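Fold and contact review
For reference, the chains in residue letters:
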Amino acid sequence: MTSSDAPGTSHALPPLPYPSNALEPVISEETLSFHYGKHHKTYVDTLNELIEGTEFASLGLEDLIIRTAGNEQHAAIYHNAAQAWNHTFYWHSLTPNAADKLPAALEAKVKSSFGDFAALKRELGKAAIEQFGSGWAWLVLDGTELRVMKTSNGDDPLPKRLTPLLTVDVWEHAYYLDYQNRRADYVHAVLNKLMNWEFAAENLR
Ligand code: MN
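Residues numbered from 1 in each chain as written. Predicted model: local features only at pLDDT ≥ 70, side-chain atom pairs only at ≥ 80, totals over all residues. Heavy atoms only, no water.

1. Some words on the domain arrangement of the protein chain
Each assigned domain of the protein chain is listed with its residue range as follows: domain 1 (28–93) and domain 2 (104–202). Distance from the C-alpha centre of domain 1 to the C-alpha centre of domain 2: 20 Å. Considering only the side of domain 1, the residues that lose the most area to domain 2 are F89, Y90 and S93, jointly responsible for 29% of the buried surface there. Linking domain 1 to domain 2 there are zero salt bridges. Seen at the junction of domain 1 and domain 2, the total is 14 residue pairs in polar contact (both at pLDDT 80 or more). If one sorts the elements of the side of domain 1 that touches domain 2 by residue count, helix α3 (residues 75–93) sits on top with eleven residues. Taken together, the residues of the side of domain 1 that touches domain 2 sort by class into ten nonpolar, ten polar and two charged. (Domains from an automatic or database assignment. Buried area = accessible area lost by both parts, 1.4 Å probe. Salt bridge = Lys/Arg side-chain N within 4 Å of Asp/Glu carboxyl O. Polar contact = N/O pair within 3.5 Å; in protein donor to acceptor, adjacent residues only side chain to side chain. Helix = DSSP H or I, 4+ residues; strand = E, 2+ residues; numbered from the N terminus. Nonpolar A, V, L, I, M, F, W, Y, C, P; charged D, E, K, R; others polar.)

Here it is in structure tokens:
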């Protein structure tokens, strides 16, 4: 996923894994176009400006995030790098061809960590809806167990040495054009119609 991360090159905006109208009607083409073409692109462009000519210029996105996390002096680099990474991860967390059951590799882990698929979706939905203000809800691998967590603003789970499996963007720009203040409607529609459980299973490896 980070093939654009070759050291010494600037970070590229990775292509969307589907056409910008592919997630309709849950996420409109208008929302997706702005979200990807303006918001995501701006994080990438800003990051490139911030790191040009610095000690960080040759680092891949994940290394950048881990190296700058928690360092006030480099907060802008951290937030833009994390947001660049988070958005690419979010696009892959969604699919127009969502399955209504879990891949076998994930199912066993979901059973042991949450009980069943419905319980996982409830927990992920709860985290997404309850995240106060802008942020993200995540399904992560923590050691050998799965868990749900939320992060604020531009934080992501990588510096905590967790393995992200899936994410849901709950910044208002992710849903406001389509759902206005009804974040719960957006979250439930995404969880039930667009989650890429195959991608989550691939991230287990
Ligand atoms: Mn976003």
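2. Overview of helix α1 (residues 29–51)
Given a rise of 1.5 Å per residue, 23 residues ought to cover 33 Å, and the 32 Å separating the end C-alpha atoms of α1 matches this to within 8%. The axis of α1 is deflected most strongly, by about 30 degrees, at K41. Those residues of α1 that sit buried are T31, L32, H35, Y36, H40, Y43, V44, L47, N48 and I51. Those residues of α1 that are buried lie in contact with α2 (61–68), α3, β3 (163–169) and α6 (176–179). (Expected span 1.5 Å × (residues − 1). Bend = angle between axes of the 7 residues up to and from the residue. Buried < 20%, exposed > 50% of the residue type's maximum accessible area, 1.4 Å probe, protein only. Contact = heavy atoms within 4.5 Å.)

3. Thoughts on the coordination of the manganese ion
Listed as protein donors to the manganese ion are H35 (NE2), H87 (NE2), D169 (OD) and H173 (NE2); their distances from the metal cover 2.0 to 2.2 Å. Coordination of the manganese ion draws on donor residues from a single chain, spaced H-x51-H-x81-D-x3-H in sequence. In this pair, H35 is assigned in helix α1 and H173 in the loop between β3 and α6, connecting sequence segments 138 residues apart. The burial state of H35 is the same as that of H173; both residues are buried. (Donors = N, O, S within 2.8 Å, 3.2 Å for Na, K, Ca; no water.)

4. A closer look at the pairing of strand β2 (residues 145–152)
Where strand β1 (residues 135–142) lies against β2, eight bridges are found, and the strand directions are antiparallel. What sits directly across from G135, in β2, is S152. Where β1 folds back on β2, the antiparallel hairpin that results is connected by two residues, among which G143 adopts a positive phi of roughly 70 degrees. (Pairing = 2+ DSSP bridges.)

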